[in-house]
Amino acid sequence: MTEILNVLTAVVLVTDPSAVEMTLNGFAALGFEATADAPEALTITGEADLFTNVFNAGLVLDGDAPRVMGVDGSSYVLPADALSGDLGANVRAVEFEAPPDFGPTDY
């Protein structure tokens, strides 16, 4: 039986395009794989436990796939105020992509 790893990806919006490199390095230092996607956005990837520990948030995961179904019960937004120092000051928002709200429910 193959175990499904809970590797997740979230989008990070930065406060200023000049802060992208510093923000990438900050998330990398925390253990995330971070990549710049746009002048004011990047993605962070890591295990579900890493997100839970860094953001001090409860994730609701889909039991069949590495997909977030909610953060602390209702939202897809992680509490950016859990980040401290320069990293926290450079982050405007951190959010998981919501699953589609149409089509089959047993995908």
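All of the points below concern the structure found in this document. Keep in mind that what you see is a predicted model, and the values were worked out from it rather than measured. (Residues numbered from 1 in each chain as written. Predicted model: local features only at pLDDT ≥ 70, side-chain atom pairs only at ≥ 80, totals over all residues. Heavy atoms only, no water.)

### A short note on the sheet that holds strand 3 (residues 41–47)
By definition, the strands of a sheet pair up through backbone hydrogen bonds, in either a parallel or an antiparallel sense. Rules: The pairing criterion for strands is at least two bridges between them, as found by DSSP. Working definition: helices are DSSP H or I runs of at least four residues, strands are E runs of at least two. Numbering for both runs from the N terminus. Whether two residues touch is decided by their heavy atoms; if any such pair falls within 4.5 Å, the residues are in contact. Note on geometry: axes are lines fitted to C-alpha atoms, helical ones only across the stretch in contact, with angles between N-to-C directions running from 0 to 180 degrees.
Within the open sheet, the 5 strands sit side by side as 2-3-1-7-6. Their pairing is antiparallel. Unpaired on one side and paired on the other, strand 2 (33–38) and strand 6 (77–78) mark the two borders of the sheet. Taken together, the 2 bridges between strand 6 and strand 7 (residues 91–95) define a ladder with antiparallel strand orientation. In the sheet register, Val 77 faces strand 7, and the bridge partner there is Glu 95. Packed onto the sheet, helix 2 (residues 48–55) meets strand 1 (7–14), strand 3, strand 6 and strand 7 and runs at close to 115° relative to strand 3.

### Comments concerning the packing of aromatic side chains
For the record, the criterion: Between rings of Phe, Tyr and Trp, where Trp is taken as its six-membered ring, a pair exists when centres lie within 6.5 Å; planes separated by under 30 degrees are stacked, by over 60 edge-to-face, and by other angles tilted. Working definition: with a 1.4 Å probe on protein chains only, accessible area under 20% of the residue-type maximum means buried, over 50% means exposed, and in between means partly exposed.
According to the stated counting rule, one finds 5 aromatic pairs in the structure shown. A centroid spacing of 5.7 Å and a plane angle of 80° characterise the contact between Phe 27 and Phe 32, whose relative ring orientation is edge-to-face. Pairing Phe 51 with Phe 55 gives two aromatic rings, centres 6.3 Å apart and planes at 15°, and the pair type is stacked. Here Phe 55 and Phe 51 lie together in helix 2, a separation of 4 residues that amounts to about one turn. Under the relative-accessibility criterion, Phe 51 is labelled buried at 0%. You can call Phe 55 buried: its relative accessible area is 1%. Linked through ring pairs, Phe 27, Phe 32, Phe 51, Phe 55 and Phe 96 together constitute an aromatic cluster.

### Structural notes on the pattern of salt bridges
As a working rule, side chains carrying opposite charge can pair if their charged atoms are close by. The condition is simple: For this analysis, a salt bridge means a side-chain nitrogen from Lys or Arg found within 4 Å of a carboxyl oxygen belonging to Asp or Glu.
Taken as a whole, this structure holds 1 salt bridge when the rule is applied. Arg 92 is the partner of Glu 40 in a salt bridge, and the nearest nitrogen-oxygen pair spans 3.7 Å. Here Arg 92 lies in strand 7 and Glu 40 lies in the loop between strand 2 and strand 3, a separation of 52 residues in the sequence. What makes Glu 40 partly exposed here is its relative accessible area of 34%.

### Remarks on helix 2
As a reminder, the rule being used: The directions from the helix axis to the C-beta atoms are what the arc is built from.
Those residues of helix 2 not exposed but buried are Ala 48, Phe 51, Val 54 and Phe 55. Relative to the axis of helix 2, the buried residues are bounded by an arc of 140° and lie together on one face. Opposite the buried face of helix 2, at more than 90 degrees from it, the exposed residues are Asp 49 and Asn 53. Directly beyond the C-terminal end of helix 2, a positive phi value near 50° is found at Asn 56.

The values are spatial; any link to function lies outside them.
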